[in-house]
Amino acid sequence: MNLPEVQNAISEKKICVLIPTYNNEKTLKRVIDGVLDYTENIIVVNDGSTDSTKEILSQYSQISLISLPENKGKGNGLKIGFRKAKELDHNYAITIDSDGQHYPNDIPVFVEALLNENEDVLLIGNRNMSQDGIPKKSSFGNRFSNFWFWFETGIKLEDTQSGYRLYPLHKIPKKYFTPKFEFEIEIIVRTAWRHVPVKNVSIKVLYDPAERVSHFRPFKDFTRISILNTILVTITLLYIIPRNFVNNFKKKSFKRFLKEDVLESDGSNRTKSFSIALGVFIGFSPFWGFHTLLTISLAVLFKLNKVLAFVASNVSLPPFIPFIIAAALFLGSPFVQSESNILSEELNFELVKNNLLQYIIGSLILATTMSVISGIATFLFLNKVSPEK
C-alpha cells in the first residue's frame, strides 16, 4: 500500500495510534515523528515520566496527551488509552512502544492485514525472535508465553509478547485484573475467549542497548505473569473448555458433531483412540475433583486430542458414581484383607473411607481395564468408518 492509501484506510477504519511511555526520552521523539507520517490520530499516555518526556511532548500540539501524575504500569496506561480512544470515536488502536524497538513504517502492515480480514481481529507483531541481536531472556520469555497462550486458547502464535499490536476496541474486554506488563497477556487471552481471532503479522524490530530503556523487572514481573497464567489456566480448564464444548454441541446435530469434532478432528485414529482411552482412565480413577485438570494437562503433555479426552473423562456422571464405586470396591477386594462384606453393606462414604486402600486399588484396575477396552473399541470403530492408509 502506498502512503495515501494507508492514510485513507486509517481514516475510514477510524484507527488511532496509542503510545504509552515512561522515561524513554532518547527514542520518544523519533517514534512520534515516524507515526505522524501516517496519521495525526495519536494518543500518548505519559505514565508519570521523570525525565524530559514532558518537554518533548509539549512540542506536539496535534496529538491527544494524557499525563498521569505517577507511574502505575504499562497495563494501566493502555487501559486509560483505550478508554480515551473510544471517547474519540475510534474503532481500532495500534499500540506501539516508545522505546524505539518498533518501526513506525510497519503501520501499513497492520492496516493492510486488517483490510484483508472479513471480521474484527486482534493483530500482534511477530518480531522473529530467532534473529541476531535479540536477548536470549526475551526469546525464552516469548516461547514461555506462546506455550501458555496456546494452552489457554488453542491458538498457536510465534510472538505473543510484542507490544506492537492492533486492537479492535469494541471487541476487547471492558474490565481487567492486571495493571502492569502482564496486562498484555491477559487482554489477548480474554479477547480470544470472546471468539475474536488473534493473529501474527511480520514486523521489524530494533534492539539498541545504547537507546532502549526496559522497565521489565525479571523476578517481580515473571512472578506476576506466572500467577496470571495459573489463574487463566484454571479458568480455561474449569470454564472455557466445558463452555466451548457445550456451545459447540448445541450448535450442531449429534451426527454433525460426531463427524466434525470426532471423526474429522485433529490427529490420527491412533491419537484419537489414545485420547479416548486417557479420558476414560481419568474418569474411572479415584482422583475426584481433579478429573478435568488431569485430563487436559495430560492430553496437552502427550499431544492428544483435548476435546475427545475431556468428553471421555465424563464417563463418571453422577448417576453412575455409585456403580463405579461399587465396582471398584469389588475389584479391589481380592488384594486387601477386609472384614467388611462389600456386597451386603450399604454403599456410602463411610464404607469407602473404611476401605480406602481397597477402593483405590479397585479403581485403578477398573480404570485400566475400561481404558484399554474403550481405546481398542474406538480404534476399531474409527478404522471401519474412517480408514487410514
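Note that this is a predicted model, so its numbers are computed, not measured. (Residues numbered from 1 in each chain as written. Predicted model: local features only at pLDDT ≥ 70, side-chain atom pairs only at ≥ 80, totals over all residues. Heavy atoms only, no water.)

Section: the overall build of the protein
Formally: Each helix is a run of DSSP H or I of at least 4 residues and each strand a run of E of at least 2, with the numbering of both proceeding from the N terminus. Buried means the residue's accessible area, taken with a 1.4 Å probe over protein chains only, is under 20% of the maximum for its type, while exposed means over 50%, and partly exposed covers the values in between. Contact criterion: two residues are considered in contact whenever any of their non-hydrogen atoms come within 4.5 Å of each other.
For the protein, the count of helices and strands is 15 helices and seven strands. Looking at the protein as a whole, 47% of its 389 residues are labelled buried. For the protein, restricting intrachain contacts to residue pairs at least 6 apart in sequence, the fraction spanning at least 24 positions comes to 73%.

Structural notes on the packing of helix H10 (residues 269-284) against helix H15 (residues 356-385)
Inclusion rule: Angles here are taken between N-to-C directions and fall from 0 to 180 degrees, while the axes themselves are lines fitted to C-alpha atoms, restricted in helices to the stretch in contact. Angle categories are assigned with fixed cut-offs, so that under 35 degrees is roughly parallel, over 145 is roughly antiparallel, 65 to 115 is roughly perpendicular, and the rest are oblique. By the definition used in this description, the sense in which the near helix is turned from the far one sets the handedness, with an anticlockwise turn below a right angle giving left-handed and a clockwise turn giving right-handed.
Packing of H10 against H15 leaves a shortest axis separation of 8 Å and a crossing angle of 155°. Put simply, H10 runs roughly antiparallel to H15. Crossing of H10 against H15: the hand is right-handed.

So, the sheet that holds strand E7 (residues 198-202)
As a reminder of what qualifies: For two strands to be treated as a pair, DSSP must find no fewer than two bridges joining them.
One open sheet holds the seven strands; their spatial order is E3-E2-E1-E4-E6-E5-E7, and the pairing between them is mixed. Where the open sheet ends on each side, the last strands, each with one partner, are strand E3 (64-68) and E7. Across the sheet, the mean angle from the axis of one strand to that of its neighbour is 20°, orientation sign disregarded. Lying on the sheet, helix H7 (residues 183-193) is in contact with strand E5 (122-126), strand E6 (165-168) and E7; it crosses E6 at an angle near 45°.

Topic: the pattern of salt bridges
For clarity, the threshold we go by: Within this document, salt bridges are pairs made up of a side-chain nitrogen of Lys or Arg and a carboxyl oxygen of Asp or Glu, the two lying within 4 Å of each other.
In this structure the tally under the stated criterion is nine salt bridges. Measuring nitrogen to oxygen at the nearest pair gives 3.1 Å for the salt bridge that ties Glu184 to Lys74. Of this pair, Glu184 sits in helix H7 while Lys74 sits in helix H4 (residues 74-87), and the two are 110 residues apart along the sequence. What makes Lys74 buried here is its relative accessible area of 18%. Linked by salt bridges that have partners in common, Lys74, Asp97 and Glu184 make up one network.

A closer look at the packing of helix H13 (residues 321-332) against H15
Short version of the rule: The classification used treats Ala, Val, Leu, Ile, Met, Phe, Trp, Tyr, Cys and Pro as nonpolar, Asp, Glu, Lys and Arg as charged, and all other residues, Gly among them, as polar.
Running from amino to carboxyl end, H13 crosses H15 at an angle of 100°, the nearest separation of the two axes being 7 Å. With respect to H15, the axis of H13 lies roughly perpendicular. Taking contact as the criterion, the partners of Ile324, Ile325, Ala327, Ala328, Leu329, Leu331 and Gly332 in H13 are, on H15, Gln358, Tyr359, Ile361, Gly362, Ser363, Ile365 and Leu366. Grouping the constituent residues of the contact of H13 with H15 by class yields 10 nonpolar, four polar and no charged.

Thoughts on a nonpolar patch on the surface
Rules: Each patch is assembled from residues with relative accessible area greater than 30% and no salt bridge, linking like charges that lie within 9 Å and nonpolar side chains (Val, Leu, Ile, Met, Phe, Trp, Tyr) that lie within 5 Å. Calculation of accessible area relied on Shrake-Rupley with a 1.4 Å probe; when residues are assessed, cover is drawn exclusively from the protein chains displayed.
Residues Val372, Ile376, Phe379 and Leu380 make up a contiguous nonpolar surface patch of roughly 360 Å² in combined accessible area. Along the chain, Val372 turns up in helix H15.

A short note on H15
Put simply, the test is: For a helix, the expected span equals 1.5 Å multiplied by the residue count minus one.
Here H15 spans 42 Å end to end across 30 residues, near enough to the 44 Å set by a 1.5 Å rise per residue. Listing the buried residues of H15 in full gives Gln358, Tyr359, Gly362, Ser363, Leu366, Ala367, Ser371, Ser374, Gly375, Thr378 and Leu382.

Describing H7
With 11 of 11 residues buried, H7 is to be regarded as a mostly interior element. Just beyond H7, the residue with positive phi is His195, at close to 65°.

Notes on a positive patch on the surface
Here is the rule we go by: His is not counted, nor are the chain ends; Lys and Arg add positive charge and Asp and Glu add negative charge. Charge positions come from single atoms, namely NZ of Lys, CZ of Arg, CG of Asp or CD of Glu.
Taken together, the side chains of Arg83, Lys86, Lys171, Lys174 and Arg194 present a region of like positive charge at the surface. Inspection of the secondary structure puts Arg194 in the loop between H7 and E7. Note on Arg194: relative accessible area 44%, which makes it partly exposed.

As for the environment of Phe181
Examined against the element boundaries, Phe181 turns out to sit in the loop between E6 and H7. Here the alpha-carbon distance between Phe181 and Phe222, two residues 41 residues apart in the chain, equals 9.3 Å.

Section: unusual backbone geometry
In this structure, Asn23 takes a positive phi of about 55° despite not being glycine. Along the chain, Asn23 turns up in the loop between strand E1 (15-21) and helix H2 (28-36). Positive phi outside glycine occurs at His195, with the angle close to 65°. Here His195 lies in the loop between H7 and E7.

Observations regarding the packing of aromatic side chains
Defined as follows: Stacked, edge-to-face and tilted are the three classes for Phe, Tyr and Trp ring pairs, Trp counted by its six-membered ring, which pair at centre distances within 6.5 Å; planes under 30 degrees apart are stacked, over 60 edge-to-face, the rest tilted.
Inspection of every chain in the model, using the stated rule, returns eight aromatic pairs. A ring pair is formed by Phe147 and Phe151, whose centres lie 6.4 Å apart and whose planes are at 45°; its orientation type is tilted. Pair noted here: Phe147 and Phe151 are both in helix H6 (residues 136-153), with a separation of four residues, about one helical turn. Look at Phe147 and you get partly exposed, because its relative accessible area is 37%.

Quick look at the environment of Gly125
Mapped onto the elements, Gly125 comes out in strand E5. For the pair Gly125 and Glu158, spaced 33 residues apart in the sequence, the C-alpha separation amounts to 9.4 Å. Excluding anything up to four places from it in sequence, Gly125 contacts Phe110, Asp159, Ser162, Tyr164, Asn200, Val201 and Ile203.

A few points about the side chain of Arg243
Its place among the elements puts Arg243 in helix H8 (residues 218-251). Among residues more than four places away in sequence, those in contact with Arg243 are Trp193 and His195.

Quick notes on the environment of Ile276
With respect to the secondary-structure elements, Ile276 resides in helix H10. Through-space distance from the C-alpha of Ile276 to that of Ser374 is 7.0 Å; in sequence the pair is 98 residues apart. Setting aside its immediate chain neighbours within four residues, Ile276 contacts Leu308, Ala312, Ser374 and Thr378.

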